[in-house]
Amino acid sequence: MIRAYSQSSSPEKGFHFYSQMRDKGFRPDPISSSFVLKSCTRISSLVGGRQIHGRILRDGFQSDCQLLTTLMGFYASCDNGTDARKVFDEMPQRDTVAWNVLISCYARNGRTRDALSLFDVMQNPEYGSEPGDVTCLLLLQACAHLGALEFGERIHKYINDHGYGDGLKLCNSLIAMYSRCGCLDKAFEVFQGMPNKNVVSWSAMISGLAMNGHGRNAIEAFIEMQKMGISPDDQTFTGVLSACSHVGLVDEGMRIFESMREFGISPNIHHYGCMVDLLGRSGLLDQAYQLITSMGVKPDSTIWRTLLGACRIHGHVSLAERVVGHLIELKAQEAGDYVLLLNIYASVSDWEKVANVRRLMKEKGIQTTPGCSTTEINGEVHEFVVDDDAHPRKKEIYEMLDEIEKQVKLAGYVADMSAELHDLGAQEKGSALTYHSEKLAIAFGVLATPPNTKIRVAKNLRTCVDCHNFAKVVSSVYNRELEEFKPRDLLPKWEQLGFGTNDFKDNGLSPYWFLMGFKFLSDESGTLLCGMVSYNEGSDKRKPAANFGIHGLWPNYNDGSYPSNCDPDSPFDPSTISGLKRQMQSNWPTLACPSGDGTKFWEHEWEKHGTCSESVLDQEGYFEAALNLKKQVDLLSILQKAGIQPDGRFYSLTSITKAIRDATGYTPGIECNVDASGNSQLYQIYICVDTDGTNLIECPVLPRGKCSSRIEFPSF
DNA sequence: GTAGGGTTAG
């Protein structure tokens with residue numbers, strides 16, 4: 001009979017047998033109870049499990065360590081950490097497995113830091129339990145989740161000291177932990193040191209490369225693993241597809257996505273999510289929308305949110321509204337979604353709709369997600385929220401923050417209120433910014449560590465511009481290396497406000513297009529209406545420039561598409577370029593028919609394009625880089641030296657291209673206007689430069705230029 | 001004839 005219910009096919013049946021047995025006065029043994037508990041875990045029957053719990057006590061099994069461990073596991077699976085802990089506390093003795101279940105329970109229930117603290121507690125002489133390989137595995141996961149690098153390194157050392165270093169699972173977890181902490185070198189070191197790598201090892205490495213901005217290497221690793229005879233599985237594809245989306249490789253991503261069926265893998269929601277991200281970021285928003293509506297899986301809120309993010313990047317208002325509609329339908333809309341929508345409206349200057357959304361949020365009482373920052377000091381993770389008053393050293397922290405504020409203001413830091421989307425008065429804004437969780441974490445870091453120590457601050461939300469600026473100044477004033485990162489997210493780096501690293505390298509944004517504009521607007525008959533307008537040096541009089549002007553400097557994806565409006569929280573600030581203004585007026589004149597002093601155009605270029613590379617070039621650096629490039633490549637004299645004059649005559653496309661290639665060493669992109677009589681006019685010339693915005697490079701893709709073989713070079 | 005139960009990688 002016991003066997004009948006212990007081993008019966010379905011959990012429900014097993015539980016039924018068990019109840020019947022009890023009613024007939026049979027007394028089950030601990031192992032049978034264990035089976036039934038497992039069944040309850042599987043069907044997540046909290047009621048059933050509680051009944052078994054009661055019976056275990058009545059049956060006198062309360063000193064059976066293994067049975068109680070199963071019971072803990074049951075409560076843990078029901079997200080009931082309190083009862084799991086109660087069982088644990090009442091156990092007469094606890095072995096390593098019991099500790100492991102508690103750690104796993106905490107980690108699963110969001111009490112990650114408590115999970116980590118158990119590593120020391122269990123080794124305390126009072127308990128004297130030795131962490132085992134599984135313990136390390138669980139703790140490494142917790143470290144990865146928290147971005148707790150120091151703690152992770154400690155576990156790594158423990159693993160080596162205890163001879164667990166060859167464990168496949170442990171090595172795989174180490175790769176993941178180091179990757180998620182942004183320590184790719186260490187991840188790779190572990191990976192390379194493994195004599196046997198399985199699909200998990202490769203997938204971890206591929207995801208690690210992808211999330212750290214090495215998309216191309218991730219794709220290479222994907223190819224390499226197959227050469228080694230290891231077949232990718234579903235999670236490998238998630239990794240490599242996210243790599244494609246970070247590098248902006250649409251075709252490659254598509255090919256890999258479609259190759260999944262050859263491996264017998266049907267795409268899951270994560271794969272679709274990557275594809276939506278890939279298409280969305282590349283500006284193929286309608287295709288992304290189509291993919292969501294046609295996939296065989298029910299779209300979840302995450303995938304809609306991905307598309308919403310893409311709508312923000314590309315300023316696609318109507319689609320964004322439709323997407324929010326879907327989120328509302330799913331009853332899944334969160335504060336962040338409204339903030340995104342708000343940003344989208346703001347990016348197209350629809351202030352009325354911005355106000356509407358704000359009103360709606362207020363009416364619905366929607367709270368924005370509280371910002372939370374963590375920093376790890378001496379292996380201990382400290383967590384801060386906005387206006388935190390929970391930290392034991394809060395008094396010192398706030399005093400330190402005051403002191404830092406004074407110092408950084410002396411060094412030129414000015415609070416940037418623009419980051420705040422809340423409807424606060426200016427004064428309230430000031431204080432809300434002062435106590436952002438990030439600043440508290442930084443203050444604590446400065447307080448608790450000696451100079452020249454690297455402080456790493458992890459943040460759940462995007463770091464606001466003000467905190468970022470603040471951090472920059474603090475790092476120079478206090479001589480610290482500050483690193484901001486977002487461990488739980490796979491956002492490509494250009495959306496993270498990072499510094500200390502050149503985060504543009506190898507993330508698909510490596511080349512800049514340098515556009516030297518030359519705009520002619522013609523009427524129906526082909527008459528030139530107005531051209532580039534600029535100030536003459538030293539004069540206030542406006543007249544058409546007799547030279548090429550700068551159109552813009554655009555950070556691009558390698559496939560020729562480009563992100564735009566990346567940071568609505570970073571508006572154009574004319575004061576940053578006051579030193580460049582004269583140069584700007586003569587070299588970067590307004591494109592359209594003359595109006596204003598050009599500021600509008602610069603504002604447009606900064607907000608649409610410059611914000612997408614602001615972690616590499618700040619506003620001043622952005623405009624400066626463009627001006628320097630124009631000096632470096634003097635297009636007009638290059639063409640004139642080749643006998644190509646702005647005289648209204650026709651020149652061959654090849655001769656123009658060749659003249660520039662001969663002079664610069666690189667092939668330019670030539671774009672034309674077509675006038676009413678069908679003639680091609682020279683419109684603008686594309687030159688590509690590297691990440692730093694200084695060296696010319698060969699363009700990965702050239703724009704389609706609408707030029708015929710013979711082009712008119714109108715006079716200025 | 002009397003086994004059989006707990007934690008675990010990307």
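What counts and what doesn't
Residues numbered from 1 in each chain as written. Chains lettered and ligands numbered in written order. Predicted model: local features only at pLDDT ≥ 70, side-chain atom pairs only at ≥ 80, totals over all residues. Heavy atoms only, no water. Helix = DSSP H or I, 4+ residues; strand = E, 2+ residues; numbered from the N terminus. Buried < 20%, exposed > 50% of the residue type's maximum accessible area, 1.4 Å probe, protein only. Contact = heavy atoms within 4.5 Å. Areas by Shrake-Rupley, 256 points an atom, 1.4 Å probe, with all protein chains shown as cover. Near = heavy atom within 4 Å. Polar contact = N/O pair within 3.5 Å; in protein donor to acceptor, adjacent residues only side chain to side chain. Nonpolar A, V, L, I, M, F, W, Y, C, P; charged D, E, K, R; others polar. Arc of directions from axis to C-beta. UniProt positions renumbered as here; feature names shortened; annotations may be inferred. Phe/Tyr/Trp six-rings, centres within 6.5 Å; stacked < 30°, edge-to-face > 60°. Lys NZ or Arg CZ within 6 Å of the ring centre and 35° of its normal. Disulfide = S-S within 2.5 Å. Salt bridge = Lys/Arg side-chain N within 4 Å of Asp/Glu carboxyl O. Pairing = 2+ DSSP bridges. Axes fitted to C-alpha atoms, helices over the stretch in contact; angles between N-to-C directions. Parallel < 35°, antiparallel > 145°, perpendicular 65-115°, else oblique. Left-handed = near helix turned anticlockwise from the far one by under 90°.

Caption draft 1: Structural detail: the overall build of chain A. Within chain A one finds 31 helices and 15 strands. Every one of the 716 residues in chain A was classed for burial, and the buried ones make up 52%. Long-range pairs, those at least 24 residues apart, make up 69% of the contacts in chain A with a sequence separation of at least 6. Accessible surface, chain A as shown: approximately 32,300 Å² in total, 50% of it carbon and sulfur.

Caption draft 2: The protein's contact with DNA strand B, seen in detail. As a structural note, the neighbourhood of DNA strand B is formed by 34 residues, with T69, D95, N100, S203 and D233 the closest of them. A distance of 3.5 Å separates a sugar or linking oxygen of DNA strand B from a polar side-chain atom of T70. Between D233 and DNA strand B, the recorded distance is 2.8 Å, taken from a side-chain N or O atom to a base nitrogen. Taken together, the elements giving at least two residues each to the surface near DNA strand B come down to helix 3 (30-42), helix 5 (65-77), helix 7 (96-108), helix 9 (133-146), helix 11 (168-180), helix 13 (199-211) and helix 15 (234-247). In the surface near DNA strand B, the residues fall into 14 nonpolar, 13 polar and seven charged.

Caption draft 3: Fine view of helix 28 (residues 599-608). For helix 28, the complete set of buried residues consists of T599, F601, W602, E605 and W606. All buried residues of helix 28 fall inside an arc of 160° around its axis, so they share one side. On its buried side, helix 28 packs onto strand 10 (552-555), helix 27 (581-587) and helix 29 (619-632).

Caption draft 4: Highlighting the UniProt feature "repeat: PPR" (unreviewed entry) in chain A. What UniProt calls "repeat: PPR" (unreviewed entry) maps, in this numbering, to residues 1-28, 95-129, 198-232 and 233-267. Its end C-alpha atoms 6 Å apart, residues 95-129 is made of 71% helix and 0% strand. When the span residues 198-232 is considered, its composition is 74% helix and 0% strand, and the gap between its end C-alpha atoms is 10 Å.

Caption draft 5: Local environment of the packing of aromatic side chains. Scanning the model with the defined rule gives 15 aromatic pairs in all. Between the aromatic rings of F88 and W99, the centroid separation amounts to 4.9 Å while the plane-to-plane angle is 75°, which identifies the pairing as edge-to-face. Of this pair, F88 sits in helix 6 (residues 81-90) while W99 sits in helix 7; the two residues are 11 residues apart in sequence, bridging distant segments of the chain. On the basis of an interplanar angle of 55° and a centroid distance of 5.7 Å, the ring pair of F237 and F263 is categorised as tilted. Placement of the pair is F237 in helix 15 and F263 in the loop between helix 16 (250-259) and helix 17 (269-281), with a sequence separation of 26 residues. The class for F263 is partly exposed, based on a relative accessible area of 28%. Ring pairs connect the aromatic residues F572, W606, Y622 and F623, which therefore count as one cluster. Against the face of F88 rests R94, its NZ or CZ located 5.0 Å from the ring centre. The positively charged end of K197 is found above the aromatic ring belonging to F191, 5.1 Å away from the centroid.

Caption draft 6: A look at the environment of T453. Here T453 shows up in the loop between helix 25 (437-448) and strand 3 (454-459). Along the chain, T453 and R480 lie 27 residues apart, while their C-alpha atoms are 5.8 Å from each other. Leave out the neighbours within four places in its chain, and T453 touches R480 and E481.

Caption draft 7: Quick peek at helix 8 (residues 112-123). When helix 8 is considered as a whole, its buried residues turn out to be T112, A115, L116, L118, F119 and M122. An end-on view of helix 8 places all buried positions within 140° of arc, on one side of the element.

Caption draft 8: Fine view of the state of the cysteines. As enumerated under the stated definition, the model contains zero disulfides in all. There is no disulfide at C181, and the cysteine sulfur nearest it, in C143, is 6.9 Å away.

Caption draft 9: Spotlight on the environment of S45. Structurally, the position occupied by S45 is in the loop between helix 3 and helix 4 (46-58). Separated by 33 residues in sequence, S45 and C78 place their C-alpha atoms 8.2 Å apart. Not counting the four nearest positions on each side in its chain, S45 is found in contact with C40 and F74. Among the polar contacts made by the side chain of S45, one reaches the main-chain amide nitrogen of G48 at a distance of 3.0 Å.

Caption draft 10: Spatial organisation of unusual backbone geometry. A positive phi angle, near 60°, is found at D79, a position not held by glycine. With respect to the secondary-structure elements, D79 resides in the loop between helix 5 and helix 6. Within the chain, S349 stands out as a residue other than glycine whose phi angle is a positive 60°. Position of S349 among the secondary structure elements: in the loop between helix 21 (335-347) and helix 22 (351-363). What makes S349 partly exposed here is its relative accessible area of 48%.

Caption draft 11: Structural context of the pattern of salt bridges. The tally for this structure, following the rule as stated, stands at 20 salt bridges. The partner of K353 in a salt bridge is E321, and the shortest N-O contact between them spans 3.4 Å. Here K353 is found in helix 22, whereas its partner E321 is found in helix 20 (residues 317-329), with 32 residues between them in sequence. Between R393 and E396 there is a salt bridge, with its nearest N and O atoms 3.1 Å apart. Salt bridges sharing partners connect three or more residues here, namely R50, D83 and K86.

Caption draft 12: Focus on the side chain of T664. Along the chain, the position of T664 falls in helix 31 (residues 653-664). Side-chain polar atoms of T664 contact the backbone nitrogen of Y666, separated by 3.1 Å. When sequence neighbours within four positions are dropped, the list of residues in contact with T664 reads V633, I638 and L696.

Caption draft 13: Here's a closer look at the sheet that holds strand 1 (residues 372-377). In space, the four strands of this open sheet follow the order 2-1-3-4, with mixed pairing throughout. Of all strands in the sheet, those bounded by a partner on one side alone are strand 2 (380-385) and strand 4 (481-485). Recorded for the sheet is a direction-independent mean angle of 25° between the axes of neighbouring strands. The sheet contact formed by strand 1 and strand 2 spans six bridges and is antiparallel. Bridge assignment links C372 to a residue of strand 2, and that residue is V385.

Caption draft 14: Quick peek at the packing of helix 5 against helix 6. As a packed pair, helix 5 and helix 6 sit with axes 7 Å apart at the nearest point and diverge in direction by 165°. When the axes of helix 5 and helix 6 are compared, the pair comes out roughly antiparallel. Regarding helix 5 and helix 6, the two cross each other, and that crossing is left-handed. Residue-level inspection shows L68, L71, M72, Y75 and A76 of helix 5 in contact with helix 6, the latter providing D83, A84, V87 and F88. Of the residues that constitute the contact of helix 5 with helix 6, the class distribution is eight nonpolar, no polar and one charged.

Caption draft 15: Quick peek at the packing of helix 13 against helix 14 (residues 215-227). The interhelical angle for the contact between helix 13 and helix 14, taken along N-to-C directions, is 165°, at an axis separation of 7 Å. Judged by the angle between their axes, helix 13 and helix 14 are roughly antiparallel. When you trace helix 13 past helix 14, the crossing you get is left-handed. Here helix 13 contributes V199, W202, I206, L209 and A210 to the contact with helix 14, which in turn contributes G215, N217, A218, A221, F222, E224 and M225. Its residues assigned to classes, the contact of helix 13 with helix 14 comprises nine nonpolar, two polar and one charged.

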